Structure formats: structure tokens, C-alpha cells
Amino acid sequence: MIVRDLATAEQSNRRIVSPDGNWESTRMLLKDDNMGFSFHITTIYKYADFGMHYQNHLESVYCISGEGEVETVNDGKKYPIKPGTLYILDKNDKHILRAFEEMQMACVFNPPLNGKEVHNAEGAYELNAETVTV
């Protein structure tokens, strides 16, 4: 059994802050945990507006708090995000995330992240990022 608490994880190297200042993510479950997915609690900062394109991962995102929107780039559709909203990037969708206020999100990635990933120039996470050890 694996048991972790968010407050402790936030004080460890499991907390990653984006170099661009848009988000921070505490990686609660990672590839080394051998579950086949990773689980993160991510905070999107107020007024963040940035594009992503997870070419190497599928992602599911559940909004715990805050409000914003996600826009799919291919068709320009905008979807409101508020507490209780789940959106799933099941086709490696290129998208733009906008936070109207700070949002706390629960995120699941498949394949799982190693732990140190931040977005590359295309807005994706690399598959070979360095592993976090705790």
C-alpha cells in the first residue's frame, strides 16, 4: 500500500514549479510507484493563459476549485472549467488553459510521469525526464 499526504509532498522534491510561472504541481504518484499512471495536484495560477500539447501522454483533469476555461486549438471550442468539471485529453489534444482565478486540479497522466517534467517548447512533457526519489 502507498500512503502519502499532500502537505508533506508539497514540502518535498515532489513539488515542481513551472519556469514560466503559470503553475505548480505536487506529484503524489509517479512512474516509480509502478501503478501505470501518475497522479498530481496542480495549482494553475490566477490569470495564467498558456498552450500545451501532450504529444507523449494522455491526461485527465478534474477541477477541485477555481474557474477558467480550456480551448481546443484545432476547432477553437472553449469549455468552461469550474469545481466538478472533468476534461480528458484523450487524443493528445493541443489546447490552451486559462485561469480566471486560481484553480486547483487533480491530474492523471498515462504513461506516468517520472517527476521532474516541465513543459518543453511544444507544451509537452518529455518521456525521459529525470526521476524523483523521496
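Residues numbered from 1 in each chain as written. Predicted model: local features only at pLDDT ≥ 70, side-chain atom pairs only at ≥ 80, totals over all residues. Heavy atoms only, no water.

Some details on the pairing of strand β3 (residues 38–44)
Thinking step 1. The buried count for β3 comes to 6 of 7 residues, which makes it a mostly enclosed element.
Thinking step 2. Bridging between strand β2 (residues 23–29) and β3 involves 6 bridges; their strand directions are antiparallel. For S25, the partnering residue across the bridge sits in β3 and is T42.
Thinking step 3. The sheet contact formed by β3 and strand β10 (residues 103–110) spans 7 bridges and is antiparallel. (Buried < 20%, exposed > 50% of the residue type's maximum accessible area, 1.4 Å probe, protein only. Helix = DSSP H or I, 4+ residues; strand = E, 2+ residues; numbered from the N terminus. Pairing = 2+ DSSP bridges.)

Regarding the sheet that holds strand β9 (residues 94–99)
Thinking step 1. Pairing is antiparallel in the open sheet, where 4 strands are placed in the order β4-β9-β6-β7. What marks the edges here is a single partner per strand, and that holds for β4 (49–53) and β7 (78–81). Pairs of neighbouring strands in the sheet enclose a mean axial angle of 20°, with direction left out of account. (Axes fitted to C-alpha atoms, helices over the stretch in contact; angles between N-to-C directions.)

A word on the side chain of E24
Thinking step 1. Along the chain, E24 turns up in strand β2.
Thinking step 2. Given the relative accessible area of 15%, E24 is considered buried.
Thinking step 3. Apart from the residues within four sequence positions on either side, E24 is in contact with R15, I16, V17, I41, T42, T43 and Y45. (Contact = heavy atoms within 4.5 Å.)

Considering the sheet that holds strand β5 (residues 58–65)
The strands that make up a sheet are held in pairs by hydrogen bonds between backbone atoms, and each pair lies either parallel or antiparallel.
Thinking step 1. The strand order across the open sheet built from 6 strands is β1-β2-β3-β10-β5-β8, with neighbouring strands paired in antiparallel fashion. Pairing within the sheet leaves two strands with one partner each, and these edge strands are β1 (15–17) and β8 (86–89). Averaged over all adjacent pairs, the angle separating strand axes in this sheet is 20°, with direction ignored.

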